Amino acid sequence: MDNWGYADHNGPKVWHELFPLANGERQSPIDIVTKAAIYDPSLPPINVDYDPSSVKLIMNSGHTFTVEFDDGEDKSVIRGGPLHGSYRLQQFHFHWGPCDDYGAEHKVDGRDYPAELHIVHWNAEKFSSFVEAAQNPDGLAVLGIFLKVRNLIRIHLLSICLIFLLYQDGKQSSFTNFDPSCLLPDCKEFWTYPGSLTIPPLLESVIWILLKEPIAVSSRQLSQFRSLFSTTETDESKPCCMEKNHRPVQPLKGRKVRASFL
Ligand SMILES: COc1ccc2c(ccc[n+]2C(=O)c2ccc(S(N)(=O)=O)cc2)c1
Ligand SMILES: [Zn+2]
């Protein structure tokens, strides 16, 4: 069911009532305490190999906007880092807040970023579908990238995504030839830890890979995120916008965070 959200009556504080996993042992997001992260020199570099033609559509998934990819074959994959074998790209989406001061899901030493990009992959070597992979501890791998505000003058690819969405009545529009590796920062140093989906059903099946270096977006692009849903609400009587969709940080419960860098 989809009657969960981010308001007081249906938000993260009450998700445990319908999704008991919310109080589980490996929940996400978390606050990355950099001094407690364990440098692991045996971690190979992250290697993404995305085929731009595998992008399918951009849609308003009710809690964010999602760019979906054709994951019927190994066209776009991520390898390396903490992963064993290749994980297939399925979608990417964002989380943001009501203002530019916070809105990302993970924190670094208690610091908030204004938004966070999640690039979602599943272990197609071991499992036959995304939904099956999502039920297993090593089923999913999510690449998390922090967004910081820099008022750029050049149009960033992000706003092109948004333009597609805003002018296709925000429901869904076909999207061709987009390579999400253009959204990655130059530096691929990362932290990694075992966690969960950050939205219900909160399944504890995600190997998190968080890049240390944020990417830059403009404040205007972030305000476009927030206005996104106001153009798509079918019920004109109560136009609302998705002003925030981030879950607070969760207890580490003894988990270790590893770093690919000193
Ligand atoms: C029934 O099992 C599922 C599994 C995954 C579902 C989902 C519903 C919505 C989104 N998803 C997702 O694909 C999903 C949800 C959250 C995230 S996150 N924010 O990266 O942890 C990634 C992916 C249901
Ligand atoms: Zn997410």
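Residues numbered from 1 in each chain as written. Chains lettered and ligands numbered in written order. Predicted model: local features only at pLDDT ≥ 70, side-chain atom pairs only at ≥ 80, totals over all residues. Heavy atoms only, no water.

A. Inspection of unusual backbone geometry at higher detail. Here the residue pair Ser-28 and Pro-29 is connected by a cis peptide bond, since its omega of 0° sits within 30 degrees of zero. Inspection of the secondary structure assignment puts Pro-29 in the loop between helix H1 (15–18) and strand E1 (31–32). Note the cis peptide between Pro-200 and Pro-201, where omega equals 15°. The phi angle at Asp-109 is positive, at roughly 50°, despite the residue not being glycine. Judged by relative accessible area, which is 47%, Asp-109 ranks as partly exposed. The residue Leu-202 is not glycine, and still its phi comes out positive at about 60°. Within the secondary structure layout, Leu-202 lies in the loop between strand E12 (190–195) and strand E13 (206–211). (Helix = DSSP H or I, 4+ residues; strand = E, 2+ residues; numbered from the N terminus. Buried < 20%, exposed > 50% of the residue type's maximum accessible area, 1.4 Å probe, protein only.)

B. Spatial organisation of the site of ligand 1. The environment of ligand 1 is formed by 13 residues, the closest being His-93, His-95, Phe-130, Leu-197 and Thr-198. Taking Thr-198, its side chain carries an N or O atom lying 2.8 Å from a nitrogen atom of ligand 1. Mapped by element, the contributors of at least two residues to the shell around ligand 1 are strand E7 (87–96) and strand E9 (115–122). By residue number, the principal contributor to the shell around ligand 1 is E7, which donates three residues. The class makeup of the residues in the shell around ligand 1 is eight nonpolar, five polar and no charged. (Near = heavy atom within 4 Å. Polar contact = N/O pair within 3.5 Å; in protein donor to acceptor, adjacent residues only side chain to side chain. Nonpolar A, V, L, I, M, F, W, Y, C, P; charged D, E, K, R; others polar.)

C. Structural context of the environment of Gly-5. By secondary structure assignment, the location of Gly-5 is in the segment before H1. Using a relative accessible area of 8% as the deciding quantity, one classes Gly-5 as buried. For the pair Gly-5 and Ala-22, spaced 17 residues apart in sequence, the C-alpha separation works out to 14 Å. In contact with Gly-5, other than residues within four places in its own chain, are Asn-10, Gly-11, Pro-12 and Trp-15. (Contact = heavy atoms within 4.5 Å.)

D. Quick peek at the coordination of the zinc ion (ligand 2). Distances from the zinc ion (ligand 2) to its protein donors, His-93 (NE2), His-95 (NE2) and His-118 (ND1), fall at 2.0 Å. One can describe the donor arrangement at the zinc ion (ligand 2) as tetrahedral, given that its four donor atoms subtend angles of 100 to 115° at the metal. Along the chain, the residues donating to the zinc ion (ligand 2) are arranged with the sequence spacing H-x1-H-x22-H. With a gap of 23 residues between them, His-95 in strand E7 and His-118 in strand E9 connect regions that are remote in the sequence. You'll find His-95 and His-118 in the same group, each marked buried. (Donors = N, O, S within 2.8 Å, 3.2 Å for Na, K, Ca; no water. Tetrahedral: all angles 85-135°; square planar, octahedral: opposite > 155°, others 65-115°.)

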